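Analysis of the macromolecular model
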Amino acid sequence: VDLEAFVRGLPKAELHLHIEGSLEPELMFALAARNGIALPYPSVEAVRAAYAFSNLQDFLDIYYAGAGVLQTRQDFHDLAIAYFERAAADGVRHAEVMFDPQTHTDRGVAFAEVIEGLLSAMAQAQARLGLSSVLIMSFLRHLPQEAAFATLDMAEPWLDRIAAVGLDSSEVGHPPEKFEAVFAAAAAKGLKRVAHAGEEGPPAYVHQALDLLGVDRIDHGNRALEDEALVARLVAQKITLTICPLSNHKLCVVDDLAEHPIDRMLDLGLKATVNSDDPAYFGGYVGDNYLAVAKARGLSREALAQLARNSFTGSFLPAEAVASHL
Ligand code: HPA
Ligand code: ZN
């Protein structure tokens, strides 16, 4: 079989996906029309043309503005089901879906609208596509820790349907230590923890995420490679890294995909995985990410299969479910 069929045929889990980042310009226009919202762009093509970023903040400014069309639980349902259909077509059997409640509650959308829309799409994905999923509630790190605590409070009635908390948005200047107390509170409520670290921030932020937040995984973690002792620690503790090749290229974390360190990470013994991050903004879903980095780095099929296996072993699925996917 050709490489494309091989990649799409590999059973895989997606561990780093922001559901708001799966909002395609076509759906953005449809929801804007449905909700009577004016967009600052004349066309779908103009929206896509605006997706040229030189760093994380450039992207975040456009991404938060785009999310403004999401108003009702039906909108969140439609957003998520569109993602699940694309993911299933890419061989995704399990998805751990991040959502940013504060992006919505801060503009007056009720937490219940957001989560109920996502949960109904998740149930439909399980029933129609055989795709399992869990939710990761991410805190916006550019906002104060008190706002994260307020979000954790809002989530209280749904905590049994949330697998983990996460940490995203503008990294530099907002180190993990800022959120130590709210992550401890989430842990006390039985939630798992993940955090973006080492995307633009220094290796020290990865150390902090492990030491102070007690994370089970690191989202991105690219800059861990600058610190040999940290690499040794991530290997010894078998910490999964959720790597996002097309995102890394579009946000200039790597200058060229041909220089992406994914194979170096595997060679070092790191538990790297391949994910899409914000597929509508970065030019591709998870299958496109495997294919692009496979071509750019000349990855073997064994390496691609290892990345896919790592996605299940690094997931929050129970051991029996992991075994059933390997
Ligand atoms: N980094 C930080 N925050 C984000 C990202 C990311 O890659 N995607 C969506 N929010
Ligand atoms: Zn991300």
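Residues numbered from 1 in each chain as written. Chains lettered and ligands numbered in written order. Predicted model: local features only at pLDDT ≥ 70, side-chain atom pairs only at ≥ 80, totals over all residues.

Moving on to the sheet that holds strand β6 (residues 217-220). The strand order across the open sheet formed by 8 strands is β1-β2-β3-β4-β5-β6-β7-β8, and the pairing between neighbours is parallel. Sheet topology places β1 (12-18) and β8 (271-274) at the edges, where each strand pairs with a single neighbour. Each adjacent strand pair in this sheet contributes to an overall mean axis angle of 25 degrees, direction not counted. Relative to β8, strand β7 (residues 240-243) runs parallel, the two sharing 4 bridges. (Pairing = 2+ DSSP bridges. Helix = DSSP H or I, 4+ residues; strand = E, 2+ residues; numbered from the N terminus. Axes fitted to C-alpha atoms, helices over the stretch in contact; angles between N-to-C directions.)

UniProt tags His-16, His-18, His-196 and Asp-277 as "binding site: Zn(2+)" (unreviewed entry). Separation in sequence by 262 residues is not matched in space for these annotated residues, since their most distant C-alpha atoms are only 11.7 Å apart. Relative to the helices and strands, His-16 is located in strand β1. In contact with His-16, other than residues within four places in its own chain, are Asp-219, Thr-242, Cys-244, Asn-275 and Asp-277. If you trace the backbone, Asp-277 turns up in the loop between β8 and α14 (279-282). Setting aside residues no more than four positions away along its own chain, Asp-277 makes contact with His-16, Leu-17, His-18, Gly-21, Cys-244, Ser-247 and Phe-282. (UniProt positions renumbered as here; feature names shortened; annotations may be inferred. Contact = placed C-beta atoms within 7 Å.)

Our focus in this paragraph is the confidence of the model for the chain. In this model, the chain carries a mean pLDDT of 97, and residues with pLDDT of at least 70 account for 100%. In the predicted complex, the global pTM is 0.98; the interface-specific ipTM is 0.96. (pLDDT = per-residue confidence, 0-100.)

Turning next to the site of ligand 1. In the vicinity of ligand 1, the contacting residues are His-18, Gly-21, Leu-56, Asp-168, Ser-169, His-196, Glu-199, Ser-247, Asp-277 and Asp-278. A class-by-class count of the residues in the shell around ligand 1 yields 1 nonpolar, 5 polar and 4 charged. (Near = placed C-beta within 6 Å. Nonpolar A, V, L, I, M, F, W, Y, C, P; charged D, E, K, R; others polar.)

In the numbering used here, UniProt assigns the "site: Important for catalytic activity" (unreviewed entry) feature to His-220. Assignment of secondary structure puts His-220 in strand β6. For His-220, a count of 27 C-beta atoms within 10 Å corresponds to the buried category. Beyond its immediate chain neighbours, meaning those up to four positions away, His-220 contacts His-196, Ala-197, Gly-198, Glu-199, Thr-242, Ile-243 and Cys-244. (Buried ≥ 20, exposed ≤ 12 C-beta atoms within 10 Å, placed from the backbone.)

A few words now on unusual backbone geometry. Located in the positive-phi region is Ser-169, a residue other than glycine, with phi close to 85 degrees. Examined against the element boundaries, Ser-169 turns out to sit in the loop between β4 (164-168) and α9 (180-188). For Ser-169, a count of 20 C-beta atoms within 10 Å corresponds to the buried category. Phi angles above zero are rare outside glycine, and His-220 is one such case at about 75 degrees.

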